[in-house]
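# Descriptive analysis of the structure
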Amino acid sequence: MTTYRVAEAAELLGVSDDTVRRWVEAGRLPTDTVEGRTVIPGVDLAALAESLADHPDRERTRASAVSARNRLSGIVTRVVKDTVMAQVEMICGPYRMVSLMSTEAADELGLEPGVRAIASVKSTNVVVERP
């Protein structure tokens, strides 16, 4: 299972480490302990990212003041596959990105909810890669 440290989760969501810690303390974001470190399960982080995208509070995030450029680090929130194509949804800070690719490519990249990925944007195409 993919997990993230608090600082990594904060970077992916475009908020401060303290905000993530407050969400953990409030029970909004579950954690586990691995080798003495607090980690957040990727699936739970993806669910929170999706809920934040549905109900944005952009004024309070660092990402609202940053230029996105063309490479956006984020977390995969949903993957829908058929025999030929896959639809991959990601939350990259305040942005929701959707990419269509072959199912084979999605499988090779190991794309599933909770996995960290990078969306490279060129015109109307979104290319997804793993860091």
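Note: the structure precedes this text.
Just so it is clear, the structure is predicted and the values come from calculations on it, not from any experiment.

### Notes on the pairing of strand 5 (residues 85-92)
The element strand 5 is extensively covered by neighbouring structure, given that 6 of its 8 residues are classed as buried. Pairing of strand 4 (residues 71-81) with strand 5 involves 6 bridges; the strand directions are antiparallel. Considered in strand 5, the bridge of V79 is made with V88. Taking the residues that link successive antiparallel strands as the turn, the strand 4-strand 5 hairpin has 3 residues. As judged from the 8 bridges shared by strand 5 and strand 6 (residues 95-102), these two strands associate in the antiparallel manner. Across the sheet, Q87 pairs through a bridge with L100, a residue of strand 6. Remark: 2 residues form the turn of the hairpin made by strand 5 and strand 6, two consecutive strands paired antiparallel; G93 in that turn has positive phi of roughly 60°.

### A few points about the nonpolar core
Burial of nonpolar side chains together is a common tendency in soluble globular proteins. Among the nonpolar cores identified, the biggest contains 18 residues, and L13, V20, W23, L29, L45 and I75 are the most heavily contacted of them. Beyond its immediate sequence surroundings of up to four residues, I75 is in contact with Y4, L12, G42, L45, A46, A49, E89, M90, I91, G114, V115 and R116. Grouped together as the second largest cluster of nonpolar side chains are 14 residues, L72, V76, A86 and A117 included.

How each quantity is defined
Residues numbered from 1 in each chain as written. Predicted model: local features only at pLDDT ≥ 70, side-chain atom pairs only at ≥ 80, totals over all residues. Heavy atoms only, no water. Buried < 20%, exposed > 50% of the residue type's maximum accessible area, 1.4 Å probe, protein only. Helix = DSSP H or I, 4+ residues; strand = E, 2+ residues; numbered from the N terminus. Pairing = 2+ DSSP bridges. Core = buried A, V, L, I, M, F, W, Y, C linked by side-chain atoms within 4.5 Å. Contact = heavy atoms within 4.5 Å.

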